[in-house]
Amino acid sequence: MRNKKLKFEGANKENNFPNPSKTEPGLVQKRIVPVTSLPIQVIAFHAYIPKDSPGPLPAHHILKFDVVPLYKGNGYNKADGIFIVPVSGTYVFTWAIMSHAHGTVGTQLMKNSDVIGTRLADSTTSTVWDFATGTVAANAVQGDHVFVQLKINSAGNVGSIPYSRTTFSGWLLH
């Protein structure tokens, strides 16, 4: 059957698919696409810092996002800010940070000891806040540790206010 073309009555010449104008009136044709894979488990979290973190904070300080409105499939620990991968696969991680006026907050998204993303919110020469958001897709194996840490000493607070949160989220893609 390898190169055999399917023939339908009333098929058009270009692609051998049935010609809708030649089918029975009122007949609705639907193509069923089989599901190739089903997720084994839903793994997703979203966490945020509820208020400004006192600063300045030192380089390599792990940010603790201690309000967790979404927590499915385990893995995220609000006490230490670390997501421990419960199931191997491809994950998406996103984080958003805020620095206050005249402040700087440089962050790194870490997987174990590897930097997999960086973002800098820098308003050192400005009288307004600055924001930075990063998104990374990465393969991870069960037991990997993923977290957001400061890349450099912060200048001022890590900002987080009710209408602009500093956040960390992740989910299993596949």
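Above this text you will find the structure in question.
Engineer: Let's hear about the pairing of strand β1 (residues 44–49): which residues, and what values?
Structural biologist: As judged from the four bridges shared by β1 and strand β2 (residues 67–72), these two strands associate in the antiparallel manner. Counterpart to His46 in the pairing with β2 is Leu70. With six bridges connecting them, β1 and strand β11 (residues 166–172) associate as antiparallel partners. The residue of β11 that forms the bridge with Ala47 is Phe168.

Engineer: A description of the pairing of strand β5 (residues 89–99) should follow, citing residues and the corresponding values.
Structural biologist: Counting buried residues in β5 gives ten out of eleven residues, a clear majority hidden from the surface. Pairing of β5 with strand β8 (residues 130–140), which is carried by eleven bridges, proceeds in the antiparallel orientation. Looking across to β8, one finds that Ala96 is bridged to Thr133. Of the strand pairs in this sheet, β5 and β11 are connected by six bridges, and their pairing is antiparallel.

Engineer: Residue-level account of a nonpolar patch on the surface, with values.
Structural biologist: On the surface, a nonpolar cluster with roughly 370 Å² of combined accessible area is contributed by Trp129, Phe131 and Tyr163. Structurally, Trp129 can be placed in the loop between β7 (114–122) and β8. On the basis of relative accessibility, which here comes to 33%, the residue Trp129 falls in the partly exposed class.

Thresholds, definitions, all that
Residues numbered from 1 in each chain as written. Predicted model: local features only at pLDDT ≥ 70, side-chain atom pairs only at ≥ 80, totals over all residues. Heavy atoms only, no water. Pairing = 2+ DSSP bridges. Helix = DSSP H or I, 4+ residues; strand = E, 2+ residues; numbered from the N terminus. Buried < 20%, exposed > 50% of the residue type's maximum accessible area, 1.4 Å probe, protein only. Patch = residues over 30% accessible without salt bridge, like charges linked within 9 Å, V, L, I, M, F, W, Y side chains within 5 Å. Areas by Shrake-Rupley, 256 points an atom, 1.4 Å probe, with all protein chains shown as cover. Salt bridge = Lys/Arg side-chain N within 4 Å of Asp/Glu carboxyl O.

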